[in-house]
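Observations on the three-dimensional arrangement
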Amino acid sequence: IEKLNSEQSTKVGMSRGSVNLSRVGENTFRDIEKLNSELFTLTYGAIVAQLMKDYEDVEEVNNQLEKMGHNIGLRLIEEFLARSNVPRCQDFRETGEVIAKVGFKMFLGVIAQVTSWDPKKNEYSLIIEENPLVEFVELPDSCNNLWFSNVLCGVIRGCLEMLQLRVECKFIKDVLRGDDSTEIRVTLKEIIAEEIPVGED
């Protein structure tokens, strides 16, 4: 993946049109070692429960989950690039499609849908129809403001940060909170300039 906005997209590698991202996601998911999905879900749930005990504040738990995901994303991007072999993205729109069809499939076994682009193509929503993190989960009334899967926002932010893209990523809907769908909003804030080492042109 390359991090470029649409005005800078004319000299970037292979064309995305030649790649079936859903097929890439399926092939990558097939080839990686699997973790028992029920164990994964229960382990994540135990982490969230422990954070609730430690902080006793829903908003702080939301922050801690996002920070945890960010740290994961900073490392996870290397595995993603090595295993998926997707060609470089030409713009932020294509980056969103890769996250939805390859990233989600590779690490969660599901595909998200990319919708609701803003006119400048700097902001979009990811709709998750099947979120494996929330299986067996029912939030008590005291946790109505908890974004249970907020780790995903952090992972996305961390991965894109390593690709020189600074984004804001937040949940705006969650079926656990009674919404009709689960939706993450991703907004491009800045393309981070690559630092050139001293002594190099």
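The text that follows walks through the structure, step by step, so that each part is easy to find. Note that the structure is a prediction, hence the values are computed from the model and not measured.

The subject of this paragraph is the packing of aromatic side chains. Across all of its chains, the model carries 5 aromatic pairs by this definition. Here Phe-92 and Trp-117 contribute two aromatic rings whose centre-to-centre distance is 6.1 Å and whose plane-to-plane angle is 85°, an arrangement assigned as edge-to-face. In this pair, Phe-92 is assigned in helix α4 (residues 92-108) and Trp-117 in the loop between β1 (113-115) and β2 (123-128), connecting sequence segments 25 residues apart. The buried category is assigned to Phe-92, whose relative accessible area is 3%. By the ring-pair criterion, three or more aromatic residues cluster together here, those being Phe-92, Trp-117 and Tyr-124. Positioned above the aromatic ring of Trp-147, the side-chain terminus of Arg-177 is 3.6 Å from the ring centre.

Attention now goes to the environment of Leu-133. As for its position among the elements, Leu-133 is in the loop between β2 and α5 (151-162). Residue Leu-133 is classed as buried on the basis of its relative accessible area, which comes to 1%. Spatially, the C-alpha atoms of Leu-133 and Ser-149 are 6.6 Å apart, while their sequence positions differ by 16 residues. Among residues more than four places away in sequence, those in contact with Leu-133 are Phe-40, Thr-41, Tyr-44, Phe-148, Ser-149, Val-151 and Leu-152.

On to the nonpolar core, then. With 49 residues, the main nonpolar core has Phe-104, Leu-126, Leu-146, Leu-152 and Ile-184 as its most contacted residues. At 8 residues, α4 tops the list of elements feeding residues into this core. Beyond its immediate chain neighbours, meaning those up to four positions away, Ile-184 contacts Tyr-124, Ser-125, Leu-126, Ile-128, Leu-152, Cys-153, Cys-169, Lys-170 and Phe-171.

If you walk across this open sheet you meet the 4 strands as β1-β2-β4-β3, and the pairing is antiparallel. Of all the strands in the sheet, the pair left with one neighbour each is β1 and β3 (165-173). Direction aside, the axes of adjacent strands within the sheet are offset by 30° on average. Relative to strand β4 (residues 182-191), β2 runs antiparallel, the two sharing 6 bridges.

The next thing to look at is α5. Under the 1.5 Å per step criterion, the end-to-end length of α5 is 17 Å for 12 residues, consistent within 8% with the ideal 16 Å. All buried positions along α5 are accounted for by Val-151, Leu-152, Cys-153, Gly-154, Val-155, Ile-156, Gly-158, Cys-159 and Leu-160. Two residues or fewer past α5, Gln-164 is found with a positive phi of approximately 70°.

Glancing now at the state of the cysteines. Counted according to the given criterion, the structure contains 0 disulfides. Not engaged in a disulfide, the cysteine Cys-169 finds its nearest cysteine sulfur in Cys-153; these two sulfurs lie 3.9 Å apart. Overall, Cys-169 belongs to the buried group, its relative accessible area being 9%.

Here the structure, examined in full by the defined rule, presents 9 salt bridges. Among the salt bridges present, the one from Glu-161 reaches Arg-157, with a minimum N-O distance of 4.0 Å. Placement of the pair is Glu-161 and Arg-157 together in helix α5, with a separation of 4 residues, close to one helical turn. Here Asp-180 and Lys-173 are joined by a salt bridge, their closest N and O atoms 3.6 Å apart.

Calculation notes
Counting restarts for each chain, with residues numbered from 1 along the sequence as it is written. The predicted origin of the model limits local features to residues at a pLDDT of at least 70 and limits the giving and counting of side-chain atom pairs to 80 or more, whereas totals for whole chains, interfaces and linings rest on all residues. By convention in this description, side-chain values take in all heavy atoms of the structure and omit both hydrogens and water. Think of it this way: a Phe, Tyr or Trp ring, Trp meaning its six-membered ring, pairs with another when their centres are within 6.5 Å, and the plane angle makes it stacked under 30 degrees, edge-to-face over 60, tilted otherwise. The way it works is that DSSP assigns letters per residue, a run of H or I at least four long becomes a helix, a run of E at least two long becomes a strand, and they are numbered from the N terminus. A 1.4 Å probe rolled over the protein chains alone gives each residue an accessible area, and that area as a share of the maximum for its type sets the label: buried under 20%, exposed over 50%, partly exposed in between. A positively charged side chain is recorded as over a ring if its NZ (Lys) or CZ (Arg) lies within 6 Å of the ring centre. The angle to the ring normal must also be within 35 degrees. By the convention used here, residues are in contact when the closest approach between their heavy atoms is within 4.5 Å. In plain words, nonpolar cores are sets of buried Ala, Val, Leu, Ile, Met, Phe, Trp, Tyr and Cys residues tied together by side-chain atoms within 4.5 Å. Any two strands with at least two DSSP-identified bridges between them are counted as paired. To obtain each axis, a line is fitted to C-alpha atoms, and for helices this fit is confined to the stretch in contact; angles are then taken between N-to-C directions over 0 to 180 degrees. Expected helix span is taken as 1.5 Å per residue step, with the number of steps being one fewer than the number of residues. Only a pair of cysteine sulfur atoms within 2.5 Å counts as a disulfide in this structure description. A side-chain nitrogen of Lys or Arg and a carboxyl oxygen of Asp or Glu constitute a salt bridge if their distance falls within 4 Å.

Nothing here speaks to function; it is geometry throughout.
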